[in-house]
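Structural description and commentary
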Amino acid sequence: MIDTEVRVGIVGAGGVARRHAEALASMPDVGLVGVTDPDGGRAADLAATVGTTPADDLDALLARGVDAAWVCVPPFAHGEVETRLAVAGVALFVEKPLGLDVAAAEQVHAAVVTAGVPTSVGHHWRSSAVVARARELVAGRTIRLVSATWLDKVPPVPWWAQRGSSGGQVVEQAVHVLDLARLLAGEVTAVHAVADAAPPSPGTDVDSATAGTLRFAGGAVGTLAATCRLAWKHRAGIELYADDLALSVSEEQLTVRDSEGIRTVEVDPADARTAADRAFVDHLLGRPPSGGGIVVDYGEALRTHRLACALADSVASGGPVALDGAR
Ligand SMILES: NC(=O)c1ccc[n+]([C@@H]2O[C@H](COP(=O)([O-])OP(=O)(O)OC[C@H]3O[C@@H](n4cnc5c(N)ncnc54)[C@H](O)[C@@H]3O)[C@@H](O)[C@H]2O)c1
């Protein structure tokens, strides 16, 4: 049982690790015990920024006594890291996606269930005030149509545009809006997707664009549209339509149109990211979430990961893919 301070290790020292580490370093009930990354220079740099020290490897980090680890590694590096931490009894905050495919994530899930360690996954959109409001607005309503989009540039990390390292745009990136689709419209029972397989640049091999259809257990139908061929982030979000209700949700904004007219609410996306970290720390300390955030446990995130992987599988096979639509 964790008493008054959570001892946190950071695994991976890239962009998202920095974001989490800075948020955690500002929390009085978190002690950062170290940072590990195969790139020792990166680990040392991040550790210095947040007032801790680099650890040579996972064993060295574990030897310092760790209650919880924030696993901030690229998609290809998931699996063994989480399993070793879980076996050591360490609680896990895991960045999305859970891995390149379903099999690796299923193995981690089995390990965390066996070990009984608390988990949360970086689906921080769920911790946003506008998503909370959207949930209230759709409660009890029958969703008819869902339109999810991720229209963006290729992110500036070396592994992203290689399918064997990232899993491709739907698994790596659009998984955020697929998670919202499940949260707001329920489980998906079948998908069918096609892609423009032209790579975004020479020497890369992810698809340039993906278009998919989704069938929801509640009867709704939906689409996912994704491209990485822009020079800017154009739009990432989801639109939902019920009888006389239209919602548009992004990381920054909620727009609602109903019989009362049109309303827009704006939020700072940084708030949801911090709230997700805060919620997991509170969870580990046995307290109610103090920042409006939500813990999305590994099993729940695995359902979203299966959906993203089903869309990727459909592109690969050229046919529809069925999913288990039961909760
Ligand atoms: N939730 C979000 O909004 C959000 C935002 C950004 C990134 N991410 C996710 O976080 C992950 C990392 O993204 P990033 O932008 O930080 O990438 P990055 O390339 O900047 O950093 C990843 C780091 O992990 C390290 N690494 C690789 N294998 C490792 C291992 N076995 N053990 C420890 N460290 C290892 C790399 O050396 C690198 O320093 C990606 O899956 C990405 O999708 C999520």
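Residues numbered from 1 in each chain as written. Predicted model: local features only at pLDDT ≥ 70, side-chain atom pairs only at ≥ 80, totals over all residues. Heavy atoms only, no water.

**Topic: the domain arrangement of the protein**
Segmenting the protein into domains produces domain 1 (6-124 + 274-296) and domain 2 (126-267 + 303-322). Using only C-alpha atoms to locate each centre, domain 1 and domain 2 end up separated by 26 Å. Each partner contributes residues to the interface: domain 1 has 21 residues there, and domain 2 has 20 residues. Together, the buried faces of domain 1 and domain 2 total about 1600 Å²; carbon and sulfur atoms form 58% of this surface. The largest per-residue losses of area from domain 1 upon contact with domain 2 belong to Leu100, His123 and His124, which jointly make up 34% of the total buried on that side. Inspection of the domain 1/domain 2 interface yields two salt bridges. We note a salt bridge from Glu106 to Arg306, for which the minimum N-O separation is 3.0 Å. Of all the elements in the fold, those that place two or more residues in the side of domain 1 that touches domain 2 are helix H5 (102-115) and helix H9 (269-284). Residue contributions to the side of domain 1 that touches domain 2 peak at three residues, all from H5. (Domains from an automatic or database assignment. Contact = heavy atoms within 4.5 Å. Buried area = accessible area lost by both parts, 1.4 Å probe. Salt bridge = Lys/Arg side-chain N within 4 Å of Asp/Glu carboxyl O. Helix = DSSP H or I, 4+ residues; strand = E, 2+ residues; numbered from the N terminus.)

**Regarding the packing of helix H6 (residues 129-138) against helix H8 (residues 169-185)**
For the pair H6 and H8, the least separation of the axes is 9 Å and the interaxial angle reads 35°. Note on element contacts: H8 touches H6 through Leu180, Leu183 and Leu184, opposite Val131, Ala134, Arg135 and Val138. Classifying every residue of the contact of H6 with H8 by side-chain character gives six nonpolar, no polar and one charged. (Axes fitted to C-alpha atoms, helices over the stretch in contact; angles between N-to-C directions. Nonpolar A, V, L, I, M, F, W, Y, C, P; charged D, E, K, R; others polar.)

**Notes on the nonpolar core**
In a soluble, globular protein the nonpolar side chains are often hidden away together inside. Of all hydrophobic cores here, the largest spans 44 residues; its most connected members are Leu224 and Leu247. When residues in this core are grouped by element, the largest group, eleven residues, is from H8. (Core = buried A, V, L, I, M, F, W, Y, C linked by side-chain atoms within 4.5 Å. Buried < 20%, exposed > 50% of the residue type's maximum accessible area, 1.4 Å probe, protein only.)

**Topic: the side chain of Ser165**
Mapped onto the fold, Ser165 is located in helix H7 (residues 163-166). Overall, the relative accessible area of 18% leaves Ser165 in the buried class. Other than its neighbours up to four places away in sequence, Ser165 contacts Pro75, Phe76, Leu100 and Trp159.

**Here's the deal with the sheet that holds strand E8 (residues 209-216)**
Pairing is mixed across the open sheet formed by nine strands, whose spatial order is E13-E12-E11-E10-E6-E9-E8-E7-E14. Single-partner strands in this sheet number two, and they are strand E13 (261-266) and strand E14 (321-322). One ladder, built from seven bridges, connects strand E6 (residues 143-151) with strand E9 (residues 221-227); its direction is parallel. Paired with Leu145 across the strands is Val221, a residue of E9. Of the strands in this sheet, E6, strand E11 (245-250), strand E12 (253-258) and E13 touch H6, which is tilted by about 160° from E11. (Pairing = 2+ DSSP bridges.)

**What to know about the pattern of salt bridges**
The tally for this structure, following the rule as stated, stands at 20 salt bridges. Two residues, Arg163 and Asp207, come together in a salt bridge whose shortest N-O distance is 3.0 Å. Linking Arg163 in helix H7 with Asp207 in the loop between strand E7 (188-196) and E8, this pair joins segments that are 44 residues apart in sequence. Since its relative accessible area comes to 36%, Arg163 is described here as partly exposed. Ionic pairing is found between Glu251 and Arg273, a salt bridge with its closest N-O pair at 3.2 Å. Here the residue Glu251 occupies a position in the loop between E11 and E12, and Arg273 occupies one in helix H9, the gap between them amounting to 22 residues. Within the structure, one salt-bridge network assembled from shared partners comprises Arg126, Asp179, Arg182, Glu187, Glu300 and Arg303.

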